[in-house]
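Fold and geometry: a report
Listed here are the chains, written in short residue letters.
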Amino acid sequence: MHLSHLKLTQFKNYESQHLDFSPRLNCFVGFNGAGKTNLLEAIYYLCMSKGYGSTVDQYSIRHGDRGARIGGTFVLDDEREDRIVVKLRKRQRKVIERNGTAYARISEHVGRYPVVIVTPDDINLVLEGSATRRKLLDNSLSQTDPQYLNHLITYNRLLDNRNARLKELEGHPDHTGLLGVYDAQMEAPAMYIFEKRKEFVDPFTELLTQAYATISGRREEVGLEYKSQLLDTGWETLLAERAEKDRILQRTTGGIHRDELVFTQDEHPLRRVASQGQLKSFVLSLKLAQYRLLERSTNRTPILLLDDIFDKLDHERVKQLLGLVMGSTFGQLFITDTDPERITSLISHDPAVEWQRFLVVDGVARNEAEWKRFLEEE
Amino acid sequence: MQFSSRLIEDAVNAFAGLPGIGKKTALRLVLSLVQRPTEDSVHLARAIASMRENIQHCITCGNLSDQTVCSICRDQRRDKSIICVVESIRDVMAIEETQQYRGVYHVLGGVISPIEGIGPADLNIDTLVQRSTAPEVREVIMAISPTIEGDTTIFYINKQLTEADVQVSSIARGVSFGGELEYADEVTLGRSIVARRKL
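Residues numbered from 1 in each chain as written. Chains lettered and ligands numbered in written order. Predicted model: local features only at pLDDT ≥ 70, side-chain atom pairs only at ≥ 80, totals over all residues. Heavy atoms only, no water.

On the surface, L44(B), I48(B) and M51(B) cluster together into a nonpolar patch covering about 250 Å² of accessible area. In this structure L44(B) comes out as partly exposed when scored by relative accessible area, which is 33%. (Patch = residues over 30% accessible without salt bridge, like charges linked within 9 Å, V, L, I, M, F, W, Y side chains within 5 Å. Areas by Shrake-Rupley, 256 points an atom, 1.4 Å probe, with all protein chains shown as cover. Salt bridge = Lys/Arg side-chain N within 4 Å of Asp/Glu carboxyl O. Buried < 20%, exposed > 50% of the residue type's maximum accessible area, 1.4 Å probe, protein only.)

Written out as structure tokens, the structure is:
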């Protein structure tokens, strides 16, 4: 599967932009702030119906405009084409259309066009709190199981309501029994999510180990451990035990929103024992493992987005990574770089790889031919 | 929009403050009133003022009513043993349109949603529980939107009604009549399969 065409209207710093892509390798080069990452973000939107990280839809609309549109054409393995359109409007629900028809639910879209993004912020997976690691779980599972995303949306909505109720009570006991209603309502989605996360770990660890060995060339044994309050106790007991604590703290302290994924190296916590280099290799391995997992469960070759990897990763690791992802077992790639020659020098020695380079300047991206014409006209 | 008359401008702004009416529609309404006889405008103004001053909520069910008790609750032919619980007055109208229901109603005034600041005490739930304990009431039907908050409200009310000797039911949910299966979304279709009915 690959993305053959992208059309942006009033998205981020792009006014109007058409791009045709290579099914293999696409490079966006330009200065910082020119809009390279915004192109990756647009592709991510088409696959996941939202931006990555903490991007808010409202801020994806070009400054001063009232709406934005991202259109893309995916070519599937059997040559069929799917046209996807994401429409963002100020103060309105976003609309996602496939071949002209809007989806009733976003969960019907997520997972059709698998995508993995590698960004410099990935290091936060190891350094920051457990929320980033739950996001990794949710991101992988949502793309492979539409029910998972539905349950997650339901669970989070109920959790927000339950927390709002606890705040409303201001530390007083709940005589109405409404909290009990939430506990009962949350059980089914919580247990579904818990079971899926638990099942995720073993196959993922296997893929992670393989990826780590390839990237680092080392033999440390890396792994993951899933930790959940539900491993020790059932849903009802858990919430009953926490009732008093919830009342005092005025928030829900038990549930799958407190799950944790612990990374290990040779059975020790990764953060304690790994060197900087090992951490970077590990984070990259996580993403490659995710790539293989999505490929396996969706039966489609995911799109890989590599954002700004050159500035944060050392030269050797970049070379190794590129060598790997340019191999025949990977699909379409999008890479950003500030140096227009760096990628070319790394890949031009391999004539087998079909690639396109785009020069990005102030919200306009041009392919080589357009760029030449632009320079001649100047 | 530029107005030659302050009077017209005030009237347009008054109409445009209503839901579903923009400035242009408001102007059309105002100009139409200008062209008609004065009595029409007086009649309209009186109808609005009289409606607003005299309309009240039925003390039994919460429906809109001219009198303390609404026409549905007063109607001797309606079956007082069944109470249909709805979110809003519009739902009462929608169900009445079907002409399939001969019981009485209970209007909650919304659904439980603490994130929106609506708790059980903000809705007409206590009065429902009180009504349901009356000996003639046999069944309470929940006709509430199939949303997360709607479900919370149904479960909550069901819990409150355990003391009352009534059967609590919920309206059927599933594939819409006249709709085709392939166009039903997966959640609805999934629920329909699980809650299938014996023929």
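The discussion continues.
This paragraph deals with the domain arrangement of chain A. In many analyses, interface size is given as the accessible surface area lost on bringing the parts together. Residue and element names in this part refer to chain A. According to the domain assignment, chain A contains domain 1 (1-114 + 301-378) and domain 2 (123-299). Computed from C-alpha atoms alone, the centre-to-centre distance between domain 1 and domain 2 is 29 Å. Facing the 23 residues of domain 1 at the interface are 21 residues of domain 2. Between domain 1 and domain 2, a total of about 1,900 Å² is buried, with carbon and sulfur atoms accounting for 61% of that surface. Looking at the side of domain 1 facing domain 2, the largest losses of area belong to S107, P302 and R317, adding up to 27% of the total buried there. At the boundary of domain 1 and domain 2, one finds 0 salt bridges. Counting across the domain 1 and domain 2 interface gives 5 residue pairs in polar contact (both at pLDDT 80 or more). Of all the elements in the fold, those that place two or more residues in the side of domain 1 that touches domain 2 are α1 (36-48) and α10 (315-325). (Domains from an automatic or database assignment. Contact = heavy atoms within 4.5 Å. Buried area = accessible area lost by both parts, 1.4 Å probe. Polar contact = N/O pair within 3.5 Å; in protein donor to acceptor, adjacent residues only side chain to side chain. Helix = DSSP H or I, 4+ residues; strand = E, 2+ residues; numbered from the N terminus.)

All names here are of chain A. Spatially, 6 strands are ordered β2-β1-β4-β5-β6-β7 in an open sheet, and the strand pairing comes out antiparallel. Strand pairing shows two members of the sheet lacking a second neighbour, β2 (14-20) and β7 (101-102), which therefore form its edges. Two elements, strand β4 (residues 67-75) and strand β5 (residues 81-89), share 9 bridges in a ladder whose sense is antiparallel. Across the sheet, residue F74 finds its bridge partner in β5, namely D82. Packed onto the sheet, α1 meets β1 (2-11), β2, β4 and β5 and runs at close to 110° relative to β1. (Pairing = 2+ DSSP bridges. Axes fitted to C-alpha atoms, helices over the stretch in contact; angles between N-to-C directions.)

Here we take up the sheet that holds strand β15 (residues 364-367) of chain A. All names here are of chain A. Strand order across the open sheet formed by 6 strands is β8-β12-β13-β3-β14-β15, with mixed pairing between neighbours. Across the chains shown, the open sheet's two edge strands, defined by having one partner strand only, are β8 (115-118) and β15. Here the strands of the sheet are splayed against their neighbours by 20° on average, with no regard to which way each runs. Strand direction decides the pairing type here: β8 and strand β12 (residues 303-306), joined by 4 bridges, are parallel. Bridge pairing in β12 links I117 to L305. Strand contacts of helix α12 (residues 368-377): β14 (355-361) and β15, with the helix running at about 105° to β15, the strand carrying the most contacts.

This part takes up the UniProt feature "binding site: ATP" (unreviewed entry) in chain A. Residue and element names in this part refer to chain A. The residues that UniProt annotates with the feature "binding site: ATP" (unreviewed entry) are G30, F31, N32, G33, A34, G35, K36 and T37. Looking at F31, the relative accessible area reads 70%, which means it is exposed. Each residue touching F31, except ones within four places of it in the same chain, is listed here: K36 and V360. You can see N32 is positioned in the loop between β3 (25-29) and α1. Under the relative-accessibility criterion, N32 is labelled exposed at 63%. (UniProt positions renumbered as here; feature names shortened; annotations may be inferred.)

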